[in-house]
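Next come the chains, spelled out residue by residue.
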Amino acid sequence: FPVTIKVDVFLLAYRKSKKKYIESLYREEYLKTAMVCTGRGCKYRCAYCYRGAKFSSVRQIPLPIVEFDLAYLKDLGYRRIYFYDDCFLTTNFDRLESVLEMMRKYDFEYYIAVRYEMCSSEILTRLEGIKFYFLQIGLQTTKNAKHHKRNVDQDRFSNVVDRLKQNGSYVSVDLILGLPGETKDDFLETLRFVISLNPNNITVNTLFINPGTELVKTYKDFGIKVKTVQLNVPFIVESSTFSKSDMDECREVLKKCSKDIQNISFTIR
């Protein structure tokens, strides 16, 4: 049953001390932000991602409900909307156009996640004029591998990031550290590529084994060893191609980048 999640504070906290967590909750940018679910499920089946495995099909929330929720939240004084929808740009064009019209009608700042493959020139033109306080693109890696089930066209990805930035969007690119079969050099090559694009933010997530994903069945084939940490999440420690020292070296490189590169913010998890 479609339900909009209405919250005064939206924050996903990773490995924060209690003091930092409390301080983050009361930062101005997180106040009066609401998460609105416009669809559930993902038609893609990336081996490491639970979102494609959690639902057997994509289910879209009826548009009248979406508009009702936006109007309701506007009346309550909310300023920002996070559209929780893994297939935000992969719906049929008529539905997407209707959602974009709602976004123009209700003057929020918006957060969406997109796949670069769906960002055609026409779609990017349609996104112009909408205020995005965060636009998330999941690259994860530049390496094409059948066990990732992701293929990357670097030229096209570069063009999409450049176009979104030209439109004034705040662009964040996601990467994964420790993907199966990858090496330290593979990860650093991906990192160099993304830095060259000069996005506003780079988020690096350490690989963890999501229940229900294809990776649960295959991760041991890659010599992946995990350690269960906070919230019982099994994070990678090492693999047959990515030693512990390699992981540590990559994290040190990320910390240095975070200090030295002033025009890109880094989120390292």
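This one's a predicted model, so the numbers in the text were calculated from it and none came from an experiment. (Residues numbered from 1 in each chain as written. Predicted model: local features only at pLDDT ≥ 70, side-chain atom pairs only at ≥ 80, totals over all residues. Heavy atoms only, no water.)

The next point concerns the overall build of the protein. Broken down by element type, the protein carries nine helices and eleven strands. The buried share of the protein, taken over its 269 residues, is 47%. Pairs at least 24 residues apart make up 72% of the contacts formed inside the protein by residues separated by at least 6 positions. Total accessible area computed for the protein in this model is approximately 13,900 Å², and 51% of it derives from carbon and sulfur atoms. (Helix = DSSP H or I, 4+ residues; strand = E, 2+ residues; numbered from the N terminus. Buried < 20%, exposed > 50% of the residue type's maximum accessible area, 1.4 Å probe, protein only. Contact = heavy atoms within 4.5 Å. Areas by Shrake-Rupley, 256 points an atom, 1.4 Å probe, with all protein chains shown as cover.)

Structurally, the position occupied by Thr 213 is in the loop between strand 8 (201–206) and helix 8 (214–218). The exposure class assigned to Thr 213 is buried, which follows from its relative accessible area of 3%. Here the side chain of Thr 213 touches Asn 210 through a polar contact of 2.7 Å, landing on its backbone oxygen. (Polar contact = N/O pair within 3.5 Å; in protein donor to acceptor, adjacent residues only side chain to side chain.)

Time to look at the environment of Thr 206. Within the secondary structure, Thr 206 is located in strand 8. Between the alpha carbons of Thr 206 and Gly 178 there is a distance of 6.5 Å; along the sequence they are 28 residues apart. If we skip the residues at most four places from it in the chain, Thr 206 touches Leu 177, Phe 235, Ile 236, Met 247, Arg 251 and Arg 269.

Looking now at the pattern of salt bridges. A complete count under the given rule lists 15 salt bridges for this structure. A salt bridge links Glu 97 to Arg 126; the nearest nitrogen and oxygen atoms lie 3.4 Å apart. Residue Glu 97 is found in helix 4 (residues 93–105), and its partner Arg 126 is found in helix 5 (residues 121–127); the two are separated by 29 residues along the sequence. With its nearest N and O atoms 3.1 Å apart, the salt bridge here joins Glu 189 to Lys 143. With Glu 189 in helix 7 (residues 184–197) and Lys 143 in the loop between strand 6 (132–140) and helix 6 (154–166), this residue pair connects regions lying 46 residues apart in the sequence. (Salt bridge = Lys/Arg side-chain N within 4 Å of Asp/Glu carboxyl O.)

The next subject is helix 6. The end-to-end C-alpha distance of helix 6 is 18 Å, a good match for the 18 Å that 13 residues give at a rise of 1.5 Å each. Packing partners of the buried residues in helix 6 comprise helix 5, strand 6, strand 7 (171–177) and helix 7. The N-cap of helix 6, judged by a side-chain oxygen 3.2 Å from the amide nitrogen of Asp 155 a few residues on, is Asp 153. Following helix 6 by one or two positions, Gly 168 has its phi on the positive side, about 90 degrees. (Expected span 1.5 Å × (residues − 1).)

In the predicted model, the protein carries a mean pLDDT of 84, and 86% of its residues have values of at least 70. Helix 7 holds the highest mean pLDDT among the elements of the protein, 97, whereas helix 1 (residues 18–25) holds the lowest, 52. In this model, residues 1–17 is a region of pLDDT below 50 whose contacts with residues beyond four sequence positions or in other chains number 41 contacts. (pLDDT = per-residue confidence, 0-100.)

What follows covers the pairing of strand 7. Burial runs high along strand 7: seven of the seven residues are buried. Taking every second residue as pointing to the same face, both faces of strand 7 are buried, with Val 171, Val 173, Leu 175 and Leu 177 on one and Ser 172, Asp 174 and Ile 176 on the other. When strand 6 meets strand 7, the two strands line up parallel, connected through five bridges. Each bridged residue has a counterpart across the sheet, and for Ile 137 the counterpart in strand 7 is Val 173. With helix 6 bridging strand 6 and the parallel strand 7, this β-α-β connection has right-handed handedness. Here strand 7 runs beside strand 8; their pairing, made up of six bridges, is parallel. Note that in strand 8 the partner of Leu 175 across the bridge is Val 204. Following the backbone out of strand 7, through helix 7 and into the adjacent parallel strand 8, one traces a crossover that is right-handed. (Pairing = 2+ DSSP bridges. Right-handed = clockwise from strand over helix to strand, strands pointing away.)

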